[in-house]
Amino acid sequence: MADVEIVGAKISPFVEKVVRAAEYKKIAFTHRDPTSFGEMAKLNPVTRKMPVAIFGDVMVYDSTFILREFEELAPDPPLLAADAQVAAAQRQLEDWSDEALYWYLMALRWAPENEARTVEQVAVYAPRAMRPFAAPIFRRVIARTTKAQGLGRLPYPVLVREVGERLDDLVLLLAQRSFFYASHPGVADFALFGQFKAGCSGPTPDFEQLVSERPTLADWMKRVEDAARG
Ligand SMILES: N[C@@H](CCC(=O)N[C@@H](CS)C(=O)NCC(=O)O)C(=O)O
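Fair warning: this is a prediction, and the values are worked out from it, not measured in the lab.

### Examining the domain arrangement of the protein chain
And step 1. Entries for the protein chain in the domain assignment read domain 1 (4-73) and domain 2 (84-229).
And step 2. Between the C-alpha centres of domain 1 and domain 2 there is a distance of 19 Å.
And step 3. Around 1800 Å² of area is buried between domain 1 and domain 2 when both sides are counted, 65% of it from carbon and sulfur atoms.
And step 4. A per-residue breakdown of the area domain 1 buries against domain 2 is headed by Ile 11, Arg 20 and Tyr 24, which together make up 35% of the total.
And step 5. Summed over the shared surface of domain 1 and domain 2, the result is 4 salt bridges.

The structure is reproduced here in structure tokens:
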């Protein structure tokens, strides 16, 4: 079978999730950034979001659907525990990470305190001629979504406090285990790892600080990275 092709900017937490899961499962894949702003919409007219994974002539969108496809393609090592209740908890945490934690991080990234660093990070994906206008365009198009979602309207210190409390919850959920709910990494670990990696990629120093204050989570990140490396 031809290599799976994963398309999406590596700074996306969802691309990171899919790439690390593929590595862990030793699925042969290639990864590339989109060639243009419009390419994702062309490849994935359904949600227009990254990543997509191309399996021969089949395109799969959404990081969660892609991980389920990986599970079909290469059942071993599994990304979901054999115990149905544990697997349910793993899926729930994956979903919370994708659908809620992502928005906490987006709100942090696009808060006035971090916006300049965020623009600098994402501007490289804009066509060269557009870069000088990147800040106002991103502010209008992306920052607006965090306000509509609600978290982007919280005062910054409240937002940081809330993120810290969610991280405290994760410390409690991880408890004494190596990975979330299991002794092997699963869908929740890769989903969370993608978000953490994006949160620690420069524009949100407060998130990096919150993680470094919780060595349980910093150590867990290292374990996920090591497991993916094999
Ligand atoms: N639920 C989707 C979320 C994907 C997503 O939100 N991707 C963002 C990048 S981090 C994106 O493509 N945004 C562009 C847009 O919204 O047009 C998944 O898990 O793949």
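### Regarding the site of the ligand
And step 1. If you check the shell around the ligand, you find Ser 12, Pro 13, Phe 14, Lys 49, Met 50, Pro 51, Asp 62, Ser 63, Glu 99 and Tyr 102 and nothing else.
And step 2. Contacts to the ligand include Met 50, whose backbone N or O atom sits 2.8 Å from an oxygen atom.
And step 3. Side-chain polar atom of Asp 62 to a nitrogen atom of the ligand: 3.0 Å apart, as the coordinates give it.
And step 4. Taken by itself the ligand offers 520 Å² of open surface, and the protein chains cover 73% of this.
And step 5. Taken atom by atom, the bulk of the ligand overlaps the largest pocket.
And step 6. Broken down by secondary-structure element, the contributors of at least two residues to the shell around the ligand are helix 1 (13-25) and helix 4 (84-110).
And step 7. Its residues assigned to classes, the shell around the ligand comprises 5 nonpolar, 2 polar and 3 charged.

Conventions adopted
- Positions within a chain are numbered from 1, following the residues in the order the chain's sequence is written.
- pLDDT decides what is reported in this predicted model: residues at 70 or higher carry local features, side-chain atom pairs at 80 or more are listed and counted, and totals for whole chains, interfaces and linings draw on all residues regardless.
- Only hydrogens and water are removed before side-chain values are computed, so all heavy atoms of the structure are retained for them.
- Note: domain ranges come from an automatic or database domain assignment.
- Here the buried area means the combined drop in accessible surface, using a 1.4 Å probe, for two parts upon being joined, counting both sides.
- The term salt bridge refers to a side-chain nitrogen of Lys or Arg lying within 4 Å of a carboxyl oxygen of Asp or Glu.
- The cutoff for a nearby residue is simple: one of its non-hydrogen atoms must lie within 4 Å of the molecule or strand.
- Residues adjacent in sequence count toward polar contacts only when both atoms are side-chain atoms; beyond that, a polar contact is any pair of N or O atoms within 3.5 Å, and within protein one must be able to donate a hydrogen and the other to accept it.
- Using a 1.4 Å probe, accessible areas were evaluated by the Shrake-Rupley method; residue-level cover was limited to the displayed protein chains.
- The method works on a 1 Å grid over the protein atoms by themselves. A cavity is a set of points holding a 1.4 Å probe that cannot get out, a pocket is an open set with protein on both sides within 12 Å along at least five of seven lines, and residues with an atom within 4 Å of a point line them.
- Those molecules having more than half of their atoms within 2 Å of a cavity or pocket grid point set are described as sitting in that cavity or pocket.
- In DSSP terms, a helix is any run of H or I states spanning at least four residues, a strand is any run of E spanning at least two, and both are numbered starting from the N terminus.
- Residue type decides the class: Asp, Glu, Lys and Arg count as charged, Ala, Val, Leu, Ile, Met, Phe, Trp, Tyr, Cys and Pro as nonpolar, and the leftover types, Gly among them, as polar.

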